[in-house]
Amino acid sequence: MRPGLLPEYSNLLLTLYRLAQQCPVHQFQDAALTLLKTCLAFDSSMWGTATMLDGGIDIHSIHLHNSSPAMLEAYEKVKHCDTAAVQVTAQPTMTIGFRVEDFPGEHNAAFRQFLHDFGHVNMLITSDIHPGTRFVQWVSLYRAELAARCLQPEIDLLACLAPHLMQALAINRLVHLDRLSHDTVRAKWSVAIADLRGVLYHADERFKALVFAAWRTDDPQHLPPALLKQLVSQQDLPHVAAGGVIVQGQRDQGLLFLKARASETVDTLSEREFLVAKLIAHGLTQKQVATQLNRSPETIRSQIKAIFNKLDINNVALLGALLAVRE
């Protein structure tokens, strides 16, 4: 890199890592790619994770920038012709430029048509692959103009930036994960990030110890299948419990952001009891709770008594800290 470009490169990296800390997880990849365009031109992009199989790339999670799901549907029909994916994953880390002419012959006609149809006639691809599992993280940048070929200095620049893009994405996800645990109860929870196939991208050792024991698995790279099935069976992640362990979280950008802890007495409250307890803890009177929930004062009074008995307390002031663990 020329000395005169070092300040610009440094400022770009500082901005990238600042975005990682500040952007919501659903905005970060678009923000990072928009930043990348200031030094490397492209029209659209894919940024994702996958496993390389003999029959082609098996996508786990993907972020599309200036593209559409229709492109992915079309790609599934021609991915067996995608020798670019094979070449770029031939080594643990690699960055390569391609153009549509790199796929000659009648057997590649459908793939060339796909590249033209979706503006991929020139492309830069960078990847990082685990040699054992064949699990790959990659970023593809596409140019629609036939004359906009990818030059070697651009390939070199993307190769330098790629580790920072992937590390910044990991930081952004961990920041998002950290925000899932409320400050007052953070020590109670352990955390993890997984994709919808169950591949763990990050997991505290305590998360593994809790979850793997409760759902009986010894595969350190994946969520237990029984737990994964529960987590992906509903659009809104459920409150999952087994073996004295609670798992909660949220789904975002094709990933599961999870937190786990050991069960506590507050978990014995029913959903209705928990709601009543929250309203009481927030300062509502029994009469106000009854009105808001359309229940009789006697019913609410009885539920509060049951709540206090289950939690073994006799003072509403103690409710807040106990309830915070479950939220």
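Refer to the structure above for everything that follows.
About the criteria used
- Residues numbered from 1 in each chain as written.
- Predicted model: local features only at pLDDT ≥ 70, side-chain atom pairs only at ≥ 80, totals over all residues.
- Heavy atoms only, no water.
- Phe/Tyr/Trp six-rings, centres within 6.5 Å; stacked < 30°, edge-to-face > 60°.
- Helix = DSSP H or I, 4+ residues; strand = E, 2+ residues; numbered from the N terminus.
- Buried < 20%, exposed > 50% of the residue type's maximum accessible area, 1.4 Å probe, protein only.
- Lys NZ or Arg CZ within 6 Å of the ring centre and 35° of its normal.
- Pairing = 2+ DSSP bridges.
- Axes fitted to C-alpha atoms, helices over the stretch in contact; angles between N-to-C directions.
- Core = buried A, V, L, I, M, F, W, Y, C linked by side-chain atoms within 4.5 Å.
- Contact = heavy atoms within 4.5 Å.

(A) Representation of the packing of aromatic side chains within the structure. Using the criterion set out here, one finds seven aromatic pairs in the structure. When the ring of F28 is compared with that of W47, the centres are 6.4 Å apart and the planes differ by 55 degrees; the resulting orientation is tilted. Here F28, found in helix α2 (residues 25-36), pairs with W47, found in strand β1 (residues 44-53); they are 19 residues apart in sequence, far enough to count as distant. In this structure F28 comes out as buried when scored by relative accessible area, which is 0%. Geometrically, the ring pair formed by F103 and F111 is edge-to-face, given 4.9 Å between the ring centres and 75 degrees between the ring planes. With a relative accessible area of 2%, F111 lands in the buried category. Members of the aromatic cluster, connected to one another through ring pairs, are Y75, F98, F103, F111, F114 and F118. Its guanidinium or amino end placed over the ring of W189, K259 lies 4.6 Å from that ring's centre, counting from NZ or CZ.

(B) Broad picture of the sheet that holds strand β10 (residues 255-262). Across the sheet, which stays open at both edges, the five strands sit in the order β7-β6-β10-β9-β8 with antiparallel pairing between neighbours. Each edge of the open sheet carries a strand with a single partner, namely β7 (200-203) and β8 (240-242). Neighbour-to-neighbour, the strand axes of the sheet open up by a mean angle of 20 degrees, direction not taken into account. Relative to strand β9 (residues 245-252), β8 is paired through three bridges, and the arrangement is antiparallel.

(C) Inspection of unusual backbone geometry at higher detail. The phi dihedral of R134 falls on the positive side, at around 65 degrees, and the residue is not glycine. A positive phi angle is found at R216, which is not glycine, with a value near 55 degrees. In this fold, R216 is placed in the loop between α7 (205-214) and α8 (225-232).

(D) Fine view of the nonpolar core. By size, the foremost hydrophobic cluster in this structure holds 28 residues, and its most contacted members are F111 and W138. Those elements that provide at least two residues to this core are β1, β2 (56-65), α3 (69-78), α4 (83-88), β3 (93-99), α5 (109-117), β4 (122-129) and β5 (135-143). Looking at which element gives the most residues to this core, the answer is α3, with four residues. The residues contacting W138, other than those within four sequence positions of it, are M46, W47, G48, T49, A50, I57, I59, I62, I125, T126, S127 and M166.

Keep in mind these values describe shape, not function.
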